[in-house]
Amino acid sequence: MRFLKQLFAIEKKPTKGLMWFEWVVMCYALLTLFVILFTYTKLDNPEAMIWGRMRLVAMTGALWLVYRLAPCRFTVLARVVGQMLSLTWWYPDTYQINRIFTNLDHVFAQFEQTLFGCQPALLFSQVVPNKFFSEMMDMGYTSYYPLIIAVLLFYFLCRYKEFERAAFIVLGSFFLCYVIFIFLPVTGPQYYYGAAGLENIAKGVFPNIHDYFAHHLDRLPTPGWTDGFFYHRVVEAHDAGERPTAAFPSSHIGVTVVVLLLAWHSRNRWLFWTFVPFFLLMFASTVYIRAHYLIDAIAGLIVGILFYFLLSLLWKAHDSRRLP
């Protein structure tokens, strides 16, 4: 009963304008709108992309209005949930833009070969084909969104004063990754290996496929135990929203690092140490299921740390200005 009272209690000093995590989305929408206008004739369906942005801006305005009519924790949560759900539209939208650029997978695959002397994404699942190990990898990969939801709910329920900060850092990290994905067209092994030919990959030959993925969405079957419960969850997720985009850096790794750092910042060590095994599984699984090159995962680790501290500094500067 006490929780419900807190959930719907009217705030004494409601935020008048957009919250910072919403400004992140609006800035990204404006940036990509300019990109669409400058590349209009090269895009397949720019009108739909523009209308999609207008609908998401309208949704943001509607959630802001609901909050202004009833400024409470519940309507703040609704604003965060609305923007988090919009990621399912924003992510495949990156493909609609970066498909007009020349694919760079051959460069990244060659760099991977130079660094490690092989293709870890090609060999990992072959070297460790064990059913239990496969399910562990797939479980780690599917823990991505549950970890994000868990840390945001923890802040909402237990550290509400820092909930907006946590939402800003998480959404900010997503959209910083999306900016990179737009201008760095790398699809990852699950797409490139099939397009280039597995026989070429095994020989260490990485042909330039140019604009192949501008009109092809085919990818290799996900490796692993095909009868596994988590295997099917991975396949369903890929079938629902995966596109030949967003390989470098790995946003799965980057955002999970951000979630780990938020868990540490919360000072709840039980939460942090519960997340650590899932992060380790996540790191390995992105390579195991061929979603990423190993260099993508390493880059994800680095940018996750950088994004967290950069966005934390921005929030600190913003917070200091609004204090009386």
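This text follows the structure it describes.
This section reports on the structure supplied with the text. Because the structure is predicted, anything quoted here is derived from the model rather than measured. (Residues numbered from 1 in each chain as written. Predicted model: local features only at pLDDT ≥ 70, side-chain atom pairs only at ≥ 80, totals over all residues. Heavy atoms only, no water.)

## Quick word on the packing of aromatic side chains
Cut-off, in case you're wondering: Aromatic rings from Phe, Tyr and Trp, taking only the six-membered ring of Trp, are treated as a pair when their centres fall within 6.5 Å; an angle between ring planes under 30 degrees marks them as stacked, one over 60 as edge-to-face, and anything in between as tilted. Helix numbers and strand numbers start at the N terminus; a helix is a DSSP run of H or I with at least 4 residues, a strand a run of E with at least 2. Throughout, exposure labels follow a simple rule: accessible area from a 1.4 Å probe, protein chains only, divided by the maximum for the residue type, with under 20% read as buried, over 50% as exposed, and the rest as partly exposed. Lysine and arginine charges are scored as sitting over a ring when NZ or CZ, respectively, is within 6 Å of the ring centre and within 35 degrees of the ring normal.
If you walk through the whole model with that rule in mind, you get 32 aromatic pairs. Measuring from ring centre to ring centre gives 5.1 Å for Phe-124 and Tyr-288, while their planes differ by 85 degrees; the resulting arrangement is edge-to-face. Of this pair, Phe-124 sits in helix H6 (residues 120-127) while Tyr-288 sits in helix H14 (residues 269-288), and the two are 164 residues apart along the sequence. Overall, the relative accessible area of 1% leaves Tyr-288 in the buried class. Through successive ring pairs, a cluster of aromatic residues spans Tyr-28, Trp-89, Trp-90, Tyr-91, Tyr-144, Tyr-145, Phe-174, Phe-175, Tyr-178 and Phe-181. The lysine or arginine in question, Arg-233, covers the ring of Phe-229, its NZ or CZ lying 4.5 Å from the ring centre. The ring centre of Trp-264 lies 3.6 Å from the NZ or CZ of Arg-269, which sits over that ring.

## A word on empty space enclosed by the protein
Spelled out, the test is: For cavity detection a 1 Å grid was placed over the protein atoms alone, and a set of points counts as a cavity when a 1.4 Å probe fits there but cannot get out; an open set counts as a pocket when protein lies on both sides within 12 Å along at least five of seven lines, with lining residues being those that have an atom within 4 Å of a point. Grid points are joined across faces, edges and corners, and a volume is the space filled by probe spheres set on the points. Three classes are used: nonpolar for Ala, Val, Leu, Ile, Met, Phe, Trp, Tyr, Cys and Pro, charged for Asp, Glu, Lys and Arg, and polar for all others, with Gly counted as polar.
Counted by the stated rule, this structure contains one cavity of 30 Å³ or more. When its volume is computed, the largest cavity comes out at roughly 80 Å³. Around the largest cavity sit 13 residues that line it, and Asn-98, Arg-99, Phe-101, Asn-103 and Phe-213 are the ones nearest its centre. Its residues assigned to classes, the lining of the largest cavity shows seven nonpolar, four polar and two charged.

## Notes on the layout of surface pockets
Counted as a void, the largest pocket has a volume near 900 Å³. Contributing to the lining of the largest pocket are 37 residues, with Leu-87, Thr-88, Tyr-144, Tyr-145 and Phe-174 lying nearest its centre. Elements with a contribution of two residues or more to the lining of the largest pocket: helix H4 (73-98), helix H7 (131-142), helix H8 (144-158), helix H9 (163-183), helix H12 (229-241) and helix H13 (251-265). In terms of residue count, the dominant contributor to the lining of the largest pocket is H4 (nine residues).

## Here we look at the side chain of Asn-103
Quick reminder of the rule: Here a residue-residue contact requires only that any non-hydrogen atoms of the pair lie within 4.5 Å.
Residue position: Asn-103 is located in the loop between H4 and helix H5 (105-116). Asn-103 gets classed as buried once you look at its relative accessible area, which sits at 4%. Non-local contacts of Asn-103, meaning those with residues more than four positions away in its chain, are made with Pro-185, Thr-187, Tyr-192, Asn-208, Ile-209, His-210 and Phe-213.

## Describing the packing of H7 against H14
Where we set the bar: Helix axes are fitted to C-alpha atoms over the stretch in contact, other axes to C-alpha atoms as well, and angles between N-to-C directions run from 0 to 180 degrees. Note on angle classes: values under 35 degrees are labelled roughly parallel, values over 145 roughly antiparallel, values of 65 to 115 roughly perpendicular, and the remainder oblique.
Direction vectors running N to C along H7 and H14 enclose 105 degrees, while the axes themselves pass 7 Å from each other. On the basis of the axis angle, H7 is roughly perpendicular to H14. Residues Phe-133, Ser-134, Met-136, Met-137, Met-139, Gly-140 and Tyr-141 of H7 pack against Phe-278, Leu-281, Met-282, Ala-284, Ser-285, Thr-286 and Tyr-288 of H14. Split by residue class, the contact of H7 with H14 holds ten nonpolar, four polar and no charged.

## A short note on the packing of H7 against H12
In plain terms, the rule: If you view the pair so one helix is near and one far, a crossing is left-handed when the near helix is turned anticlockwise from the far one by less than a right angle, and right-handed when it is turned clockwise.
For the pair H7 and H12, the least separation of the axes is 8 Å and the interaxial angle reads 45 degrees. In terms of orientation, H7 and H12 fall into the oblique class. Judged by the twist between their axes, the crossing of H7 over H12 is left-handed. Across the interface between the two elements, Glu-135, Asp-138, Met-139, Tyr-141 and Thr-142 of H7 pack against Phe-229, Phe-230, Tyr-231, Arg-233, Val-234 and His-238 of H12. Class assignment for the residues of the contact of H7 with H12 results in six nonpolar, two polar and three charged.

## Focus on the environment of Leu-30
By the element assignment, Leu-30 lies in helix H2 (residues 20-38). Taking the C-alpha atoms as reference, Leu-30 lies 21 Å from Leu-310; in sequence the two are 280 residues apart.

## Let's talk about the nonpolar core
Selection criterion: We call a set of buried Ala, Val, Leu, Ile, Met, Phe, Trp, Tyr and Cys residues a nonpolar core when their side-chain atoms join them within 4.5 Å.
Grouped together as the largest cluster of nonpolar side chains are 83 residues, with contacts concentrated most on Met-84, Ile-148, Phe-174, Phe-175, Tyr-178, Tyr-192 and Leu-262. At 13 residues, the largest contribution of residues to this core is made by H9. What Phe-175 contacts, discounting residues up to four positions off in sequence, is Val-24, Val-25, Tyr-28, Leu-87 and Trp-90. With seven residues, the next largest nonpolar core counts Tyr-141, Val-234, Tyr-288 and Ala-291 among its residues.

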